[in-house]
Number of protein chains: 2
Amino acid sequence: MKNKRHSIKDIAAALNVSVTTVSFVLNGKAREKRISEEVTKKVLDYAKSINYKPNQLAQSLRTGRSKIIVVMVEDISNYFFSKLARIIEDIAYDKGYKVLFCSNENKDERSRDLINLFRERQVDAYVIVPSPGIQQDIAELVSDDIPVVLFDRYFPEIETNYVIIDNSEAVHKASQHLVDNSYKNIGFITISSSQTQMEARQRGYREAMQANNLKEFVLEVPFYEKNIEKVKELIKEYIAAQGLDAIFFATNYLTQIGLEVIRESYPEKINEMGIITFDDNDLFKIYFPPITAVSQPLEEIGEELMTTVLKMLKNASDKPYKNQKILSASLIERNSSFPNKSRA
Amino acid sequence: MKNKRHSIKDIAAALNVSVTTVSFVLNGKAREKRISEEVTKKVLDYAKSINYKPNQLAQSLRTGRSKIIVVMVEDISNYFFSKLARIIEDIAYDKGYKVLFCSNENKDERSRDLINLFRERQVDAYVIVPSPGIQQDIAELVSDDIPVVLFDRYFPEIETNYVIIDNSEAVHKASQHLVDNSYKNIGFITISSSQTQMEARQRGYREAMQANNLKEFVLEVPFYEKNIEKVKELIKEYIAAQGLDAIFFATNYLTQIGLEVIRESYPEKINEMGIITFDDNDLFKIYFPPITAVSQPLEEIGEELMTTVLKMLKNASDKPYKNQKILSASLIERNSSFPNKSRA
DNA sequence: TTGAAAGCGCTAACAA
DNA sequence: TTGTTAGCGCTTTCAA
């Protein structure tokens, strides 16, 4: 049963035709190259009978294309990214592309390593959630005419394609929703980061507070603080010190920690405090109370990313395809942001 | 800036040496092949100066090895799998391997497609969560001497390496925990499936009930039911009809649906009903009440998988490495399985 | 101590 | 209508 792999040469030899003929037939160029019906059929039948599979490596080496797209996110185990991964995978698969997922942990060095790794393998295109300091590396990819599209965040200083959402508008709207529900001391818990998406979210919150003449309470958790207990402590103290009656968590990760803090330290508040999280998660829907969330349009993002990549792949470098898309997030209103609703 | 890729030939030409010499030096064989210090240094320096990166495709084509490991799971967006993916990715990356993740959606056709796809690319090894009907395909990989290791579930009829957990023992123990906390009408909500892991879980539950002379309440949700509303309806009715005072959800997916049902239809019960879920999730920890969960040892599984794969890769086919590992899951006791504990 | 050259499996320009 | 052949970039045997 140890069926050694068959090559085009094997087929050619077995059928007494040349490799060229086989190659043409196998690549569907029989018609175009006017190979006789008879030979065509013979080749096809034989290839099928021995279960011939072309060696893609050789093919890629020859053509310079690998039919592989890399999707580099911050952390593939993050709900938002993993859901998106599935959507992207499905679209790519449909179009005959394979997708390589990887996590850069938001670290520049790892991002670089990964990009280099994939360049060595002539990956065809890159979909990247960039870590803060790889602007230069991205610029290089672009200048080397390699299709790249950024998402979630981008570098305003360089000319790239990207798909993002309007973070500030989304947060502004959601903050207003809290104001409309008569919360007064609305805190915004975020991470200290100058990445575009985080800055935009904070801006959205601040604008909303200013528009309503409310005091701004922003807690910036240190970006590199990996000690969850420390983060919990910070949040716990901040809630008490500022007497917050509502909290907007700027990332899913913070929401999880925040909810844990509330459950442990202020269990009585879980049903009165207004809570909104950025980025939805299946479990927020079934939480007690269900958590109101700013939800990014996953399907839309995935489709936009893939159509962009595929178009870039198709267009020659002399007429580059340009697409800088800003999508809108939606607010999914659940009980956690209504003071009066049944909260159980 | 459009720096075309450099090849070994370019280097050889620039330095007036042969490609062989360059290849030897670049592969660290300078000593072994007694290349002069001088030439060695010259080559190394030049390669560095032009930022030379070998073409891995060509390398793989030549050597037959791609340094790629495929990890095929049911759904990469599932918490368990995505967390594991990260662990595996990190280990592989350390060892100079890249990992390709993909989701087979538990469908045989997709599994086959993917396996074929990767065989064409001479992927070095496979880590697979097999869909129900691909026993034959797995057997073929094995008989072709391609390293494969299964996990989460396996095929008892074929001789493969695998890493699984003792599902029945884990569920048995967890069920006993419910009994110990004096729940009487303990339901087991699962999916109808004859896959090893699901059968083992159900067996564990049944054994525990029998050992305690308790009635068995098993609800098997149809395996292919994609309509969540239908599933909710089934669960809702089952809870009422059987008067359950505790529920064991056999998968994370069912837990999410189940919790939604309880919140919507029996909100008063959330704090009295005993609840245990199979597979933990960060959010269960912060739920109200926090949900007791059977937790699979992710790191251990990931490490075991990778050491197995790496060993298989190293061993020649005439002395195959064998490893069929059964790990233990742990029960993380949280409030949802205690009738008396403060449930908020 | 270094180089020439074959060949991994494939595509495609050119020849017949 | 089909075949010959160069070459993608690399490794490695054999020769010098």
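Source: prediction; values computed, not measured. Counting from 1, residues in each chain are numbered in the order their sequence is written. The order in which chains are written sets their letters, starting at A; the order in which ligands are written sets their numbers, starting at 1. At least 70 in pLDDT is required for a residue's local features to be given in this predicted model, at least 80 for side-chain atom pairs to be given and counted, and no such filter applies to totals for whole chains, interfaces and linings, which use all residues. Calculated side-chain values reflect all of the structure's heavy atoms, with hydrogen atoms and water omitted.

Caption draft 1: Highlighting the sheet that holds strand S10 (residues 292–295) of chain B. All names here are of chain B. We treat two strands as partners when DSSP finds at least two bridges between them. Here a helix means four or more residues in a row that DSSP labels H or I, a strand means two or more in a row labelled E, and each is numbered from the N terminus. Spatially, six strands are ordered S7-S6-S8-S9-S10-S12 in an open sheet, and the strand pairing comes out mixed. Both outer strands of the open sheet, strand S7 (217–221) and strand S12 (330–332), are each paired with one neighbouring strand and no more. This sheet shows a mean twist of 20° between the axes of neighbouring strands, independent of strand direction. Whether two residues are in contact is decided by their heavy atoms, any of which lying within 4.5 Å being enough. The axes are straight lines fitted to the C-alpha atoms, using for helices just the contacting stretch, and the angles between their N-to-C directions are given from 0 to 180°. Against the sheet, helix H10 (residues 228–242) engages strand S6 (186–191), S7 and strand S8 (246–249), with an angle of about 170° to S7.

Caption draft 2: Representation of the protein's contact with DNA strand D in the model. Within the structure, DNA strand D sits among 27 residues, and Thr 20 and Ser 36 of chain A together with Ile 8, Tyr 52 and Arg 62 of chain B are positioned closest to it. Each atom of DNA strand D within 4 Å of the protein was assigned to sugar, phosphate or base; sugar and phosphate come to 59%. In the analysis that follows, any N or O atom pair within 3.5 Å is treated as a polar contact, provided that within protein one partner can donate a hydrogen and the other can accept it, and provided that, for residues neighboring in sequence, both atoms belong to side chains. Backbone polar atom of Arg 34 of chain A to a sugar or linking oxygen of DNA strand D: 2.9 Å apart, as the coordinates give it. Between DNA strand D and Ser 36 of chain A there is a distance of 2.5 Å, counted from a phosphate oxygen to a backbone nitrogen or oxygen. The set of elements that each furnish at least two residues to the surface near DNA strand D consists of helix H2 (19–26) and helix H4 (56–63) of chain A together with helix H1 (8–15), helix H2 (19–26) and helix H4 (56–63) of chain B. In this classification, the charged set is Asp, Glu, Lys and Arg, the nonpolar set is Ala, Val, Leu, Ile, Met, Phe, Trp, Tyr, Cys and Pro, and all remaining amino acids, among them Gly, are polar. Taken together, the residues of the surface near DNA strand D sort by class into 10 nonpolar, 11 polar and six charged. For each residue, the test is whether any non-hydrogen atom lies within 4 Å of the molecule or strand; if one does, the residue is near.

Caption draft 3: Representation of the packing of helix H1 (residues 8–15) of chain A against helix H3 (residues 37–49) of chain A in the model. Residues and elements named next belong to chain A. Put simply, H1 and H3 touch, their axes get as near as 11 Å, and they point 125° apart. Overall, the two elements H1 and H3 adopt an arrangement that is oblique. Between H1 and H3 lies a crossing of right-handed hand. Contacts between H1 and H3 pair Ile 11, Ala 14 and Leu 15 from the former with Lys 42, Val 43, Tyr 46 and Ala 47 from the latter. Residue composition of the contact of H1 with H3, by class: six nonpolar, no polar and one charged. Angles below 35 degrees are treated as roughly parallel, those above 145 as roughly antiparallel, those between 65 and 115 as roughly perpendicular, and all remaining angles as oblique. If you view the pair so one helix is near and one far, a crossing is left-handed when the near helix is turned anticlockwise from the far one by less than a right angle, and right-handed when it is turned clockwise.

Caption draft 4: Structural context of helix H13 (residues 298–314) of chain A. All names here are of chain A. For a helix, the expected span equals 1.5 Å multiplied by the number of residues minus one. Over its 17 residues, H13 extends 24 Å from the first C-alpha to the last, a length consistent with the 24 Å expected when each residue adds 1.5 Å. Along H13, the residues classified as buried are Leu 298, Ile 301, Gly 302, Glu 304, Leu 305, Met 306, Thr 308, Val 309, Leu 310 and Met 312. Next to the buried residues of H13 lie strand S1 (68–73), helix H5 (79–94), strand S3 (125–128), strand S4 (148–151), strand S5 (161–165) and strand S11 (324–327). Using a 1.4 Å probe on the protein chains alone, a residue whose accessible area is under 20% of its type maximum counts as buried, one over 50% counts as exposed, and one in between counts as partly exposed.

Caption draft 5: Geometry of the relation of the copies chain A and chain B. We superpose the copies by least squares over the C-alpha atoms of residues that have a pLDDT of at least 70 in both of them. Once chain A is rotated about the relating axis by 180° and shifted along it by 0.1 Å, it coincides with chain B to within an RMSD of 0.1 Å. Read as a symmetry element, the transformation amounts to a two-fold axis. Both copies contact each other with a shared surface, as 100% of the interface residues of chain A are interface residues in chain B too.

Caption draft 6: Inspection of the protein's contact with DNA strand C at higher detail. Taken together, 27 residues are adjacent to DNA strand C, and Ile 8, Tyr 52 and Arg 62 of chain A together with Thr 21 and Ser 36 of chain B come closest. Sugar plus phosphate: this is where 61% of the atoms of DNA strand C within 4 Å of the protein reside. Ala 58 of chain A places a polar main-chain atom, nitrogen or oxygen, 3.4 Å from a base nitrogen of DNA strand C. Measuring from a base nitrogen of DNA strand C, one finds a side-chain N or O atom of Thr 20 of chain B at 2.7 Å. Broken down by secondary-structure element, the contributors of at least two residues to the surface near DNA strand C are H1, H2 and H4 of chain A together with H2 and H4 of chain B. Partitioning the surface near DNA strand C into residue classes produces 10 nonpolar, 11 polar and six charged.

Caption draft 7: Molecular detail of the pattern of salt bridges. For this analysis, a salt bridge means a side-chain nitrogen from Lys or Arg found within 4 Å of a carboxyl oxygen belonging to Asp or Glu. Scanning the entire structure with this criterion turns up 39 salt bridges over all chains. In this structure, Glu 105 of chain A and Arg 110 of chain A form a salt bridge, with 3.7 Å as the shortest nitrogen-oxygen distance. A relative accessible area of 26% places Glu 105 of chain A in the partly exposed class. Arg 110 of chain A sits in the buried class, given a relative accessible area of 9%. Put simply, Lys 285 of chain A and Glu 260 of chain B hold a salt bridge, and the shortest N to O gap is 3.9 Å. Of this pair, Lys 285 of chain A sits in helix H12 (residues 282–285) while Glu 260 of chain B sits in helix H11 (residues 252–265), which puts the two residues in different chains. Within the structure, one salt-bridge network assembled from shared partners comprises Asp 75, Glu 105, Lys 107 and Arg 110 of chain A together with Arg 86, Glu 89 and Asp 90 of chain B.

Caption draft 8: Spotlight on the packing of helix H8 (residues 167–180) of chain B against helix H9 (residues 196–211) of chain B. Residues and elements named next belong to chain B. Closest axis-to-axis distance for the H8/H9 pair is 7 Å, and the angle between their directions is 35°. Helix-helix and strand crossings are classified by hand; for H8 and H9 the assignment is right-handed. Contacts between H8 and H9 involve Asn 167, Ser 168, Val 171, His 172, Ser 175, Gln 176 and Val 179 from the first element and Gln 197, Ala 200, Arg 201, Arg 203, Gly 204, Tyr 205, Glu 207, Ala 208 and Met 209 from the second. Here the residues of the contact of H8 with H9 sort into six nonpolar, seven polar and three charged.

Caption draft 9: Broad picture of the sheet that holds strand S11 (residues 324–327) of chain B. All names here are of chain B. Overall, parallel pairing links the six strands, which are arranged S2-S1-S3-S4-S5-S11 in an open sheet. Of all the strands in the sheet, the pair left with one neighbour each is strand S2 (98–103) and S11. Taking the axes of each pair of neighbouring strands and ignoring which way they run, one obtains an average angle of 15° across the sheet. Bridging between strand S1 (residues 68–73) and strand S3 (residues 125–128) involves four bridges; their strand directions are parallel. Directly across from Ile 69, in S3, lies its bridge partner Ala 125.

Caption draft 10: Up close: the interface of chain A and chain B. Counting from both sides, the interface comprises 59 residues of chain A and, opposite them, 60 residues of chain B. Buried area is understood as the total, over both parts, of accessible area removed when two parts are fitted together, assessed with a 1.4 Å probe. At the boundary of chain A with chain B, total buried surface from both sides reaches about 6,000 Å², with 57% on carbon and sulfur atoms. Among the residues chain A hides against chain B, the three largest losses belong to Leu 57, Arg 121 and Phe 288 of chain A. Together they make up 13% of the total. Our count for the contact surface shared by chain A and chain B stands at 22 residue pairs in polar contact (both at pLDDT 80 or more). Contributions of two or more residues to the side of chain A that touches chain B are made by H4, H5, strand S2 (98–103), helix H6 (108–120), helix H7 (135–143), helix H11 (252–265) and H12 of chain A. When grouped by side-chain class, the residues that make up the side of chain A that touches chain B number 23 nonpolar, 13 polar and 23 charged.

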